[in-house]
Amino acid sequence: MNTLIKNGLIISSNGRFEGDVLIEEDRIVSVKEKINIEETGTTEIIEAKGKYVFPGVIDPHTHLEMPCRGTYSSDDFRTGTIAAACGGTTSLIDFELVAPDKTTKEAFSAKHKLASEKSVIDYGFHASYSVFNKQINSELYDVVNSYGSPNFKLYTTYDFKVNDKALINFMLRAAELGAIVQLHSENNAIINIMNEKFEKEKNLGVEYHPRSRPNIAEEEAVSRAIAFAKFTNAELYIVHISTKEALRKTIQARKEGLNVYVETCPQYLILDETCYETKGWDAAKYVISPPLRDRESCNALWEAIASGNIDTIGSDHCPFFLNGTKDIFGKNDYKKILGGAPGVETLLMLLHSEGVLKGKISLEKMVEVLSTNTARLFGMNNKGEITVGKDADIVIFDPKQKYTISYKTLHMNVDYNPYEGKEVTGMPYMVFSRGKKVAQWNKDKVEFLGQAGNGKFIHRKPFKPL
Ligand code: MN
Ligand code: MN
């Protein structure tokens, strides 16, 4: 079946024009100013005058049904990808922490089963590791070249943190294989020392969560990782950067010609540390790591997107019920609150409303950091652009549609939203995943129209710098 999208404003990372897009089965087969209906054999014509047409969002950072301290993040591959689709996201890459006694192949095969049955949009996996050993060293070749996951994620904090030697070894191997190392960067010793101090002082309220993870913890870990990238010549990707100080280090490193890529998330752009002043248990909504920061950091991050110093935006979607899950170990100690927040569905609406409409970034930049760059960095060669031959992952976006954010009308499986009550302008009007309509605006919210199991694994290719 063919679908012709007429008269939309087609936005790419390097410009815009009013024109038509023709979809045949699951591919884009024509993009030009005017496509004649007679030529196409079209069965469905969609009028998109006054609307934007751009590539589906690619979320490089989600945690669906992630095991965490005896429970799981509350969105699985069905609810999480339904929410993604309704927000205009047509691909996501989810993390899998490979236990030291398992192979990546075993870990991935369990994940393939979960995702292939439930997913409504296309998906990929990032492997993450806590130790470096001979077996992993040899398996990394296959992870990059056969398993379609040419990058790996490491942490400098949490129980599964890597030590410096392992980090360097992973980077050396990544450099050999043409893989990217993604890093959650916070200095674990600083966090431990702050935790011990607050424990002794009996300062355990939610407001001590951000104080236990100060800006310098991120700055230190990012600086160290940059030094190791310089030593190993590895491609380094800093996930969810949150502070102006760490950002400054990455900008400096890029000036020196190092291959340092940077991701941030809407929460670090839009929300700030004043959220922790929220009274009572409600502040636990914002217990995420890294924590929300000062307003200067938010501003610096927006500027860095505009100036090309931030490459991608991910959601770090990791929802837990505020009442019933975040509190399973009690409400009286910030360290026991399950960390994470929902975000996969609100990524695009927030970037547009808070970024584009407030004049902080252009539409083209929005498309670049939400889709085009993400596809390029993570080797998704059929995604990220509205051009002939690419997968028909397309958002038709109504820039005037208003919507008031509420967990009640969003699709994420969780009992709150960090932006509850916030009005945004601009919402997905229709969303296509490989040519199939998966979501559509209906009266006052986006309605899901896709089908579980339609999502396919994206076999990604190693990144080649331009
Ligand atoms: Mn993280
Ligand atoms: Mn994360």
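Cut-off values and rules
- Residues numbered from 1 in each chain as written.
- Chains lettered and ligands numbered in written order.
- Predicted model: local features only at pLDDT ≥ 70, side-chain atom pairs only at ≥ 80, totals over all residues.
- Heavy atoms only, no water.
- Domains from an automatic or database assignment.
- Contact = heavy atoms within 4.5 Å.
- Buried area = accessible area lost by both parts, 1.4 Å probe.
- Salt bridge = Lys/Arg side-chain N within 4 Å of Asp/Glu carboxyl O.
- Polar contact = N/O pair within 3.5 Å; in protein donor to acceptor, adjacent residues only side chain to side chain.
- Pairing = 2+ DSSP bridges.
- Helix = DSSP H or I, 4+ residues; strand = E, 2+ residues; numbered from the N terminus.
- Axes fitted to C-alpha atoms, helices over the stretch in contact; angles between N-to-C directions.
- Buried < 20%, exposed > 50% of the residue type's maximum accessible area, 1.4 Å probe, protein only.
- Donors = N, O, S within 2.8 Å, 3.2 Å for Na, K, Ca; no water.
- Expected span 1.5 Å × (residues − 1).
- Bend = angle between axes of the 7 residues up to and from the residue.

**Focus: the domain arrangement of the chain**
Along its sequence, the chain is organised into domain 1 (2–54 + 392–399 + 425–448) and domain 2 (56–377). Domain 1 and domain 2 are separated by 31 Å when their C-alpha centres are compared. Domain 1 puts 26 residues into the contact, and the matching count from domain 2 is 22 residues. For the pairing of domain 1 and domain 2, the buried interface totals around 1,900 Å² over both sides, and the portion due to carbon and sulfur atoms is 66%. For domain 1, the biggest contributors to the area lost against domain 2 are Ser13, Phe54 and Phe448; these three give 28% of the whole. Linking domain 1 to domain 2 there are two salt bridges. For Arg16, the salt bridge is made with Glu364, and the minimal N-O distance between the two is 2.7 Å. At the surface where domain 1 touches domain 2, the tally comes to five residue pairs in polar contact (both at pLDDT 80 or more).

**A closer look at the sheet that holds strand 14 (residues 260–264)**
The strand order across the open sheet built from eight strands is 6-9-10-11-12-13-14-15, with neighbouring strands paired in parallel fashion. Two strands lie at the open edges of the sheet, namely strand 6 (57–62) and strand 15 (312–313), each paired on one side alone. Bridging between strand 11 (residues 151–155) and strand 12 (residues 180–184) involves five bridges; their strand directions are parallel. Within strand 12, the residue paired with Asn151 across the bridge is Ile180. This element, helix 9 (residues 244–255), spans strand 13 (235–238) and strand 14 of the sheet and lies at about 150° to strand 14.

**Section: unusual backbone geometry**
With omega at -5°, the peptide bond leading from Ser289 into Pro290 counts as cis. Turning to its location among the elements, Pro290 is positioned in the loop between helix 10 (266–270) and helix 11 (295–306). For Lys202, which is not glycine, the phi dihedral falls at a positive 60°. With respect to the helices and strands, the residue Lys202 is situated in the loop between helix 6 (188–200) and helix 7 (208–211). Since its relative accessible area comes to 69%, Lys202 is described here as exposed. Positive phi values are uncommon outside glycine, yet His240 reaches one of about 30°. By the element assignment, His240 lies in the loop between strand 13 and helix 9.

**Examining the coordination of the manganese ion (ligand 1)**
Looking at the manganese ion (ligand 1), one finds its protein donor set to be His184 (ND1) and His240 (NE2), positioned 2.2 Å from the metal centre. Between the manganese ion (ligand 1) and the manganese ion (ligand 2), a spacing of 3.4 Å is present. On the criterion of sequence distance, the pair formed by His184 in strand 12 and His240 in the loop between strand 13 and helix 9 is long-range, its members being 56 residues apart.

**Observations concerning helix 13 (residues 363–377)**
Across its 15 residues, helix 13 extends 20 Å between first and last C-alpha, which sits within 8% of the 21 Å expected from 1.5 Å per residue. The largest bend along helix 13 measures about 45° and falls at Val369. Among the 15 residues in helix 13, 13 count as buried, and that is most of the element. In the stretch just after helix 13, Gly379 is the one whose phi turns positive, near 65°.

**Description of the pairing of strand 1 (residues 2–12)**
Within strand 1, eight of the 11 residues are buried, which leaves it mostly tucked inside the rest of the structure. Pairing between strand 1 and strand 2 (residues 15–24): nine bridges, direction antiparallel. Across the sheet, the residue bridging to Ser12 is Gly15, located in strand 2. Taken together, strand 1 and the strand that follows it, strand 2, pair antiparallel across an intervening segment of two residues. Bridge analysis of strand 1 against strand 4 (residues 44–47) gives four bridges, and the strand direction is parallel. For Ile5, the partnering residue across the bridge sits in strand 4 and is Ile46. Pairing analysis gives two bridges linking strand 1 to strand 5 (residues 52–55), with the strands arranged parallel. Bridge pairing in strand 5 links Leu9 to Tyr52.

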